There are 2 protein chains.
Amino acid sequence: MYGGSMPRTKGDHEARRREVSEAVWRVLAAHGFDGLTLRAVAAELGATTGLLTHYFPAKRDLLAYALDLLDRRSAARPRRVAPRGLPAVRAALLDILPLTPAATAGNRVWVSSWDTALADPELSAGHAERYARGRARLSELVATAQELGELPPGDPDRIAAGAQGFALGLVVQALFDPTAFPPERQTDLLDDYLAALASRC
Amino acid sequence: MYGGSMPRTKGDHEARRREVSEAVWRVLAAHGFDGLTLRAVAAELGATTGLLTHYFPAKRDLLAYALDLLDRRSAARPRRVAPRGLPAVRAALLDILPLTPAATAGNRVWVSSWDTALADPELSAGHAERYARGRARLSELVATAQELGELPPGDPDRIAAGAQGFALGLVVQALFDPTAFPPERQTDLLDDYLAALASRC
């Protein structure tokens with residue numbers, strides 16, 4: 001697939017990048033960041049590790065690429081459509097949870113990235129920024145729900161931080177124990193959470 | 001330190017095990033599970049990797065040992081003392097959070113263990129059991145708070161599951177962004193969570 005005789009057009013270059021991305025994603029979904037090596041990606045591609053060092057001179061480049069890929073995949077995933085106010089807050093939180101096989105695979109890769117990211121200050125800062133952006137988006141939705149009288153007054157950033165924390169924890173619980181946390185249970189727990197918040201209006 | 005001329009008494013054997021444990025823990029705290037190798041533990045001990053294969057014939061044995069060590073360290077950590085009822089629920093949740101340097105180090109190791117554990121069905125089941133035991137303990141405290149009228153009626157397991165999820169998510173947020181989630185902020189968010197729960201009484 002990666003023989004030297006292939007014509008080197010721009011389209012080919014982009015097709016290769018897409019294939020590399022797909023291979024990195026399949027390795028991540030199957031083995032997590034702990035199993036992400038040039039050798040594993042090369043095997044998935046049917047290419048040599050030598051060819052891959054062209055894309056990723058060092059292991060750290062592969063990790064940074066994988067985190068970026070995870071970020072882009074997460075940003076591009078389909079989102080629930082919901083009316084503004086509390087339903088939009090609920091939809092944004094449901095979008096985080098592992099309620100479908102695709103969402104479970106994506107979350108599995110996220111959780112698996114935490115060990116790698118925490119071990120590297122720069123990667124860790126990148127993750128902190130991603131979560132801060134998520135909280136900022138959630139905070140806007142919370143503020144709208146407050147304007148509509150569906151959530152109690154108070155600092156929307158603080159409410160968003162609590163809600164994001166709740167969703168992240170539920171992700172971890174559901175990944176380790178899908179039997180105890182099937183999709184209906186996750187949804188019920190989220191609705192309990194939102195009902196408790198809303199009851200303070 | 002591990003010369004062959006040392007007398008082999010039972011006390012020596014236990015002292016060695018303790019030294020190995022300490023070395024494994026220091027490697028985990030510094031580099032996470034991703035950095036846990038026989039070579040790293042040997043370097044920390046000033047021993048040969050050959051000697052360590054006596055304790056850990058395979059990488060998986062070292063991982064299982066590390067997870068067990070993490071479990072025992074977590075179980076043995078000092079706990080807050082609090083009156084029964086809602087204060088006991090709050091204390092148990094505060095005990096989970098990274099509010100001190102020691103609790104931060106322990107949580108760093110827990111989070112780092114998730115990638116390794118999720119990649120192995122047996123290790124993953126072990127983690128699921130640990131979290132289930134934690135929820136069972138929390139559920140008893142919730143039931144007492146309900147009897148005292150400090151928490152609303154309803155399935156205590158369900159309330160405990162939500163509260164554990166909230167605490168786990170807060171751990172992740174605080175590890176990645178200690179500036180945005182200093183101890184006071186974590187405590188405030190937990191108190192918001194408990195106040196919202198209690199307001200439904």
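Residues numbered from 1 in each chain as written. Chains lettered and ligands numbered in written order. Predicted model: local features only at pLDDT ≥ 70, side-chain atom pairs only at ≥ 80, totals over all residues. Heavy atoms only, no water.

**Student:** When you look at the overall build of chain A in this model, what are you seeing that I'm missing?
**Tutor:** Within chain A, the regular secondary structure consists of 9 helices and 0 strands. For chain A, the α and β elements follow one another from N to C terminus as α-α-α-α-α-α-α-α-α. Excluding contacts between residues fewer than 6 apart, the proportion of contacts in chain A whose partners are at least 24 apart in sequence is 62%. When the accessible surface of chain A is totalled, it reaches about 9,300 Å², and 56% of it is carbon and sulfur. Charge centroids of chain A, computed over 24 positive and 24 negative side chains, lie 4 Å from each other. (Helix = DSSP H or I, 4+ residues; strand = E, 2+ residues; numbered from the N terminus. Contact = heavy atoms within 4.5 Å. Areas by Shrake-Rupley, 256 points an atom, 1.4 Å probe, with all protein chains shown as cover. Lys, Arg positive; Asp, Glu negative; His and termini not counted. Charge placed at Lys NZ, Arg CZ, Asp CG, Glu CD.)

**Student:** What's the story with the UniProt feature "domain: HTH tetR-type" (unreviewed entry) in chain A in this structure? I'm lost.
**Tutor:** When the UniProt feature table is mapped onto this chain, "domain: HTH tetR-type" (unreviewed entry) is found at residues 14–74 of chain A. The span residues 14–74 of chain A is 80% helical and 0% strand by assignment, and the distance between its end C-alpha atoms comes to 21 Å. (UniProt positions renumbered as here; feature names shortened; annotations may be inferred.)

**Student:** Would you take a moment to explain the packing of aromatic side chains for this structure?
**Tutor:** Under the counting rule described, the total for this entry stands at 14 aromatic pairs over all chains. A connected cluster of aromatic rings, assembled from ring pairs, spans Trp110(A), Trp114(A), Tyr131(A), Phe176(A), Trp110(B), Trp114(B), Tyr131(B) and Phe176(B). (Phe/Tyr/Trp six-rings, centres within 6.5 Å; stacked < 30°, edge-to-face > 60°.)

**Student:** Hey, could you run me through the state of the cysteines in this one?
**Tutor:** Counted under the stated rule, the structure contains 0 disulfides over all chains. You can see Cys201(A) has no disulfide; the closest cysteine sulfur is in Cys201(B), sitting 17 Å from it. Of the residues examined, Cys201(A) reaches a relative accessible area of 52% and is grouped as exposed. (Disulfide = S-S within 2.5 Å. Buried < 20%, exposed > 50% of the residue type's maximum accessible area, 1.4 Å probe, protein only.)

**Student:** I'm lost on the confidence of the model for chain A in this one. Help?
**Tutor:** Any segment with low pLDDT has predicted coordinates that should not be analysed in fine detail. All names here are of chain A. Overall, the prediction assigns chain A a mean pLDDT of 90, with 96% of residues at 70 or greater. In the model, residues 1–6 has pLDDT below 50 throughout and makes 11 contacts with residues more than four positions away in sequence or in other chains. Complex prediction metrics read pTM 0.88 and ipTM 0.87. (pLDDT = per-residue confidence, 0-100.)

**Student:** Help me understand the UniProt feature "DNA-binding region" (unreviewed entry) in chain A, please; the structure alone is not making it clear to me.
**Tutor:** In the numbering used here, UniProt assigns the "DNA-binding region" (unreviewed entry) feature to residues 37–56 of chain A. Secondary structure within residues 37–56 of chain A divides into 75% helix and 0% strand; the distance between the first and last C-alpha atoms comes to 10 Å.

**Student:** Honestly, the relation of the copies chain B and chain A in this entry has me stumped. Any pointers?
**Tutor:** Relating the two copies of this chain is a rotation about some axis coupled with a shift parallel to it. In screw terms, the move from chain B to chain A is a rotation of 180 degrees and a rise of 0.0 Å along the axis, fitting with an RMSD of 0.0 Å. These values place the two chain copies in the arrangement generated by a two-fold rotation axis. In this assembly the copies share their binding face: 100% of the residues contributing to the interface of chain B also contribute to that of chain A. (Least-squares fit on C-alpha atoms with pLDDT ≥ 70 in both.)

**Student:** What am I meant to see in the packing of helix α6 (residues 101–118) of chain A against helix α7 (residues 121–147) of chain A here?
**Tutor:** Describing two packed helices takes the angle between their axes plus the distance from one axis to the other. Residues and elements named next belong to chain A. Direction vectors running N to C along α6 and α7 enclose 135 degrees, while the axes themselves pass 8 Å from each other. It follows that α6 is oblique to α7 by the angle criterion. For the element pair α6 and α7, the recorded crossing hand is left-handed. Residue-level contacts link Trp110, Ser113, Trp114, Thr116, Ala117 and Leu118 of α6 to Leu123, Ser124, His127, Arg130 and Tyr131 of α7. Class assignment of the residues belonging to the contact of α6 with α7 gives a composition of 6 nonpolar, 4 polar and 1 charged. (Axes fitted to C-alpha atoms, helices over the stretch in contact; angles between N-to-C directions. Parallel < 35°, antiparallel > 145°, perpendicular 65-115°, else oblique. Left-handed = near helix turned anticlockwise from the far one by under 90°. Nonpolar A, V, L, I, M, F, W, Y, C, P; charged D, E, K, R; others polar.)

**Student:** Explain helix α4 (residues 59–76) of chain B to me, please; I cannot follow it from the model alone.
**Tutor:** In an α-helix, one turn spans 3.6 residues; hence positions three or four apart end up facing the same way. Residue and element names in this part refer to chain B. Along its 18 residues, α4 runs 26 Å from first to last C-alpha, staying within 8% of the 26 Å computed at 1.5 Å per residue. Taken residue by residue, α4 has Leu62, Leu63, Tyr65, Ala66, Leu67, Leu69, Leu70 and Ser74 as its buried positions. Buried residues along α4 sit against α1 (10–31), α2 (38–45), α6 (101–118) and α7 (121–147). (Expected span 1.5 Å × (residues − 1).)

**Student:** Explanation requested: the interface of chain B and chain A in the structure shown.
**Tutor:** Interface size, as often reported, equals the accessible area lost upon joining of the parts. Each partner contributes residues to the interface: chain B has 45 residues there, and chain A has 45 residues. Connecting chain B to chain A are 6 salt bridges. As a salt-bridge pair, Arg108(B) and Asp115(A) come within 3.8 Å of each other at their nearest N and O atoms. At the boundary of chain B with chain A, the tally comes to 11 residue pairs in polar contact (both at pLDDT 80 or more). Of all the secondary structure elements, the ones that give two or more residues to the side of chain B that touches chain A are α6, α7, α8 (156–176) and α9 (183–198) of chain B. Here the residues of the side of chain B that touches chain A sort into 22 nonpolar, 12 polar and 11 charged. (Salt bridge = Lys/Arg side-chain N within 4 Å of Asp/Glu carboxyl O. Polar contact = N/O pair within 3.5 Å; in protein donor to acceptor, adjacent residues only side chain to side chain.)

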